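# A closer look at the structure
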Amino acid sequence: MRQRTSKAAAGSNANYRQVLSLAAGVALLAGVTTAHAQSTGIASCDDFLTKYDACIGSKVPEAQRAMYKTQIDQTRKAWVDMAKNPSTKATMEATCKQTLDATKASLTAYGCSF
């Protein structure tokens, strides 16, 4: 009986460690997602960034993903900075639409749709 209890406890500890490991991974991923999800404050821009991130993460081959992620991170930073400036914020809607139109064609090849 004692041996069964020890095995059950060992199995329980292993399961507990797996759950903790999974929870830590989810928390880390949530932090990354939050960093990437920084809002520009312009709904159409944020919508584009969200769709772009989803496309890159799910459809673009791993070998090319880093390049696209770098591009979108740079775009997001530029847009966030532009949105903070009242003189450029007024043009953001048009800027985001132009970027969407220009990007659509290149990502359609991967099966992405916007």
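Everything here concerns the structure above.
Residues numbered from 1 in each chain as written. Predicted model: local features only at pLDDT ≥ 70, side-chain atom pairs only at ≥ 80, totals over all residues. Heavy atoms only, no water.

### What to know about the nonpolar core
Y52, W79 and L107 are the most contacted members of the largest nonpolar core, which totals 15 residues. Per-element tally for this core: the top contributor is helix α2 (residues 43–59), with six residues. Beyond its immediate sequence surroundings of up to four residues, W79 is in contact with T40, C45, F48, L49, M92, T95, C96 and T99. (Core = buried A, V, L, I, M, F, W, Y, C linked by side-chain atoms within 4.5 Å. Buried < 20%, exposed > 50% of the residue type's maximum accessible area, 1.4 Å probe, protein only. Helix = DSSP H or I, 4+ residues; strand = E, 2+ residues; numbered from the N terminus. Contact = heavy atoms within 4.5 Å.)

### Describing the side chain of D46
Looking at the secondary structure, you find D46 in helix α2. Buried D46, no salt bridge; nearest opposite-charge side chain is R76, N-O distance 6.5 Å. In terms of polar contacts, D46 uses its side chain to reach the backbone amide nitrogen of G41, at 3.5 Å. Apart from the residues lying within four places of it in its own chain, the contact partners of D46 are Q38, S39, T40 and G41. (Lys, Arg positive; Asp, Glu negative; His and termini not counted. Salt bridge = Lys/Arg side-chain N within 4 Å of Asp/Glu carboxyl O. Polar contact = N/O pair within 3.5 Å; in protein donor to acceptor, adjacent residues only side chain to side chain.)

### Regarding the packing of helix α3 (residues 62–84) against helix α5 (residues 92–108)
In the contact formed by α3 and α5, the axes pass within 11 Å of each other and the chain directions differ by 170°. Taken together, the axes of α3 and α5 are roughly antiparallel relative to one another. When α3 is examined against α5, the residues Y68, W79, M82 and A83 are found in contact with a partner set consisting of M92, T95, C96, T99 and L107. A breakdown of the residues in the contact of α3 with α5 according to their chemical character gives seven nonpolar, two polar and no charged. (Axes fitted to C-alpha atoms, helices over the stretch in contact; angles between N-to-C directions. Parallel < 35°, antiparallel > 145°, perpendicular 65-115°, else oblique. Nonpolar A, V, L, I, M, F, W, Y, C, P; charged D, E, K, R; others polar.)

### Re the side chain of R65
Within the secondary structure layout, R65 lies in helix α3. Polar side-chain contacts of R65 include one of 2.8 Å to the side chain of E62. With sequence-adjacent residues up to four places away left out, R65 is seen in contact with I56, G57 and V60.

### Topic: α5
Residues three or four positions apart in an α-helix share a direction because the helix packs 3.6 residues into each turn. Given a rise of 1.5 Å per residue, 17 residues ought to cover 24 Å, and the 24 Å separating the end C-alpha atoms of α5 matches this to within 8%. Listed as buried for α5 are M92, C96, T103 and L107. Residues of α5 that are buried make contact with α2, α3 and α4 (86–89). (Expected span 1.5 Å × (residues − 1).)

### Observations regarding the state of the cysteines
By the definition in use, this model includes two disulfides. Disulfide pairing places C45 opposite C96 at an S-S distance of 1.7 Å. Between C45 and C96, the S-S torsion sits near 95°, and that sign places the bridge as right-handed. Here C45, found in helix α2, pairs with C96, found in helix α5; they are 51 residues apart in sequence, far enough to count as distant. Relative accessible area serves as the criterion here: at 2%, C96 is assigned to the buried category. Paired by a disulfide, C55 and C112 hold their sulfur atoms 1.6 Å apart. Given an S-S torsion of about 75°, the disulfide between C55 and C112 has right-handed geometry. Here C55 is found in helix α2, whereas its partner C112 is found in the segment after α5, with 57 residues between them in sequence. On the accessibility criterion, C112 (6% relative accessible area) is buried. Once the bonded cysteines of the chain are numbered in order along the sequence, the disulfide links fall as 1-3, 2-4. (Disulfide = S-S within 2.5 Å.)

Read these as layout, nothing more, since geometry by itself doesn't imply function.
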